[in-house]
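Architecture and fold: a report
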Amino acid sequence: MTPSPPPAKLPGPVVFLISFFLGSGCVGLVGGAAAWTLAKRAELNARRGWYLVPVVVAAKDLTPGTLVTMETVTQRSIPEQFVTDSTVKPDSVKDVIGRPVTSPVAAGEALRWSLVSRIEGFIPVKHGEVFDACADEVGRRWAGDVDQTPAAQRARVRRLEAP
């Protein structure tokens with residue numbers, strides 16, 4: 001018969017404490033890394049859409065017919081979620097300079113393409129004048145004395161656009 005191995009000796013209290021603290025430290029390190037990752041992801045989700053983007057805004061109140069100049073506009077940053085394709089960006093400000101606004105624009109309001117006339121030098125007329133001109137045009141068309149050629153139509157529109 002072969003002798004049986006001696007019973008295993010239990011580790012001492014120092015070895016037990018060292019292994020306990022090493023194990024606890026590893027678990028704490030993994031847990032801390034997971035918590036940091038989750039916190040960063042939550043922060044990125046909260047900030048999504050709130051990064052600032054530069055846009056062109058009115059430097060002062062603009063009334064319809066006011067020509068857009070470098071003195072009447074400035075640049076400001078607004079959150080990207082409020083910027084659309086209709087917002088004028090700083091790289092395309094040269095396309096709106098010299099054109100009048102067609103609607104009132106408050107100081108600090110982002111300039112939109114729909115607020116600027118597409119026709120350079122176009123000065124919008126008052127609503128009453130437009131209504132009267134349209135009523136006259138309809139009356140002439142009913143009477144049959146309106147030239148319907150494109151050149152004649154452009155000439156009539158240009159007369160309405162004159163300041």
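Residues numbered from 1 in each chain as written. Predicted model: local features only at pLDDT ≥ 70, side-chain atom pairs only at ≥ 80, totals over all residues. Heavy atoms only, no water.

A word on the pattern of salt bridges. When the charged atoms of two side chains with opposite charge come close together, those side chains can pair. Applying the stated criterion across every chain yields a total of 3 salt bridges. One salt bridge in this structure joins arginine 47 and glutamate 43, with 3.4 Å as the shortest N-O distance. Highlighted residues: arginine 47 and glutamate 43, both in helix H1 (residues 13-47), separated by 4 residues, approximately one helical turn. In this structure glutamate 43 comes out as partly exposed when scored by relative accessible area, which is 31%. A salt bridge links arginine 112 to glutamate 109; its shortest N-O distance comes to 3.4 Å. A residue is classified by how much of its surface remains accessible, and arginine 112, at 31% relative accessible area, is partly exposed. The class of glutamate 109 is partly exposed, set by a relative accessible area of 27%. (Salt bridge = Lys/Arg side-chain N within 4 Å of Asp/Glu carboxyl O. Helix = DSSP H or I, 4+ residues; strand = E, 2+ residues; numbered from the N terminus. Buried < 20%, exposed > 50% of the residue type's maximum accessible area, 1.4 Å probe, protein only.)

Mean pLDDT over the protein chain stands at 82; residues scoring 70 or higher make up 80%. Looking at the elements of the protein chain, mean pLDDT is at its lowest for helix H2 (residues 127-143), recorded as 67, and at its highest for strand S1 (residues 52-58), recorded as 95. (pLDDT = per-residue confidence, 0-100.)

The biggest cluster of nonpolar side chains holds 13 residues, and the ones touching the most others in it are Val56, Val68, Val73, Val96, Val105 and Leu111. Residues contacting valine 105, with those up to four places away along its chain left out, are Ala58, Lys60, Asp61, Leu62, Leu111 and Leu115. Core analysis: the next-biggest nonpolar cluster, separate from the first, contains 5 residues, Val57, Ile78, Val83 and Ala110 among them. (Core = buried A, V, L, I, M, F, W, Y, C linked by side-chain atoms within 4.5 Å. Contact = heavy atoms within 4.5 Å.)

Further remarks concern H1. The end-to-end C-alpha separation of H1 is 50 Å, in line with the 51 Å expected for 35 residues at 1.5 Å each. Just downstream of H1 lies glycine 49, where phi reads positive at about 90°. (Expected span 1.5 Å × (residues − 1).)

With that out of the way, let us pick up a nonpolar patch on the surface. A grouping of Phe16, Leu17, Phe20 and Phe21 is seen on the molecular surface, where their side chains present a nonpolar patch of about 460 Å² in accessible area. Within the secondary structure, phenylalanine 20 is located in helix H1. For phenylalanine 20, a relative accessible area of 46% puts it in the partly exposed group. (Patch = residues over 30% accessible without salt bridge, like charges linked within 9 Å, V, L, I, M, F, W, Y side chains within 5 Å. Areas by Shrake-Rupley, 256 points an atom, 1.4 Å probe, with all protein chains shown as cover.)

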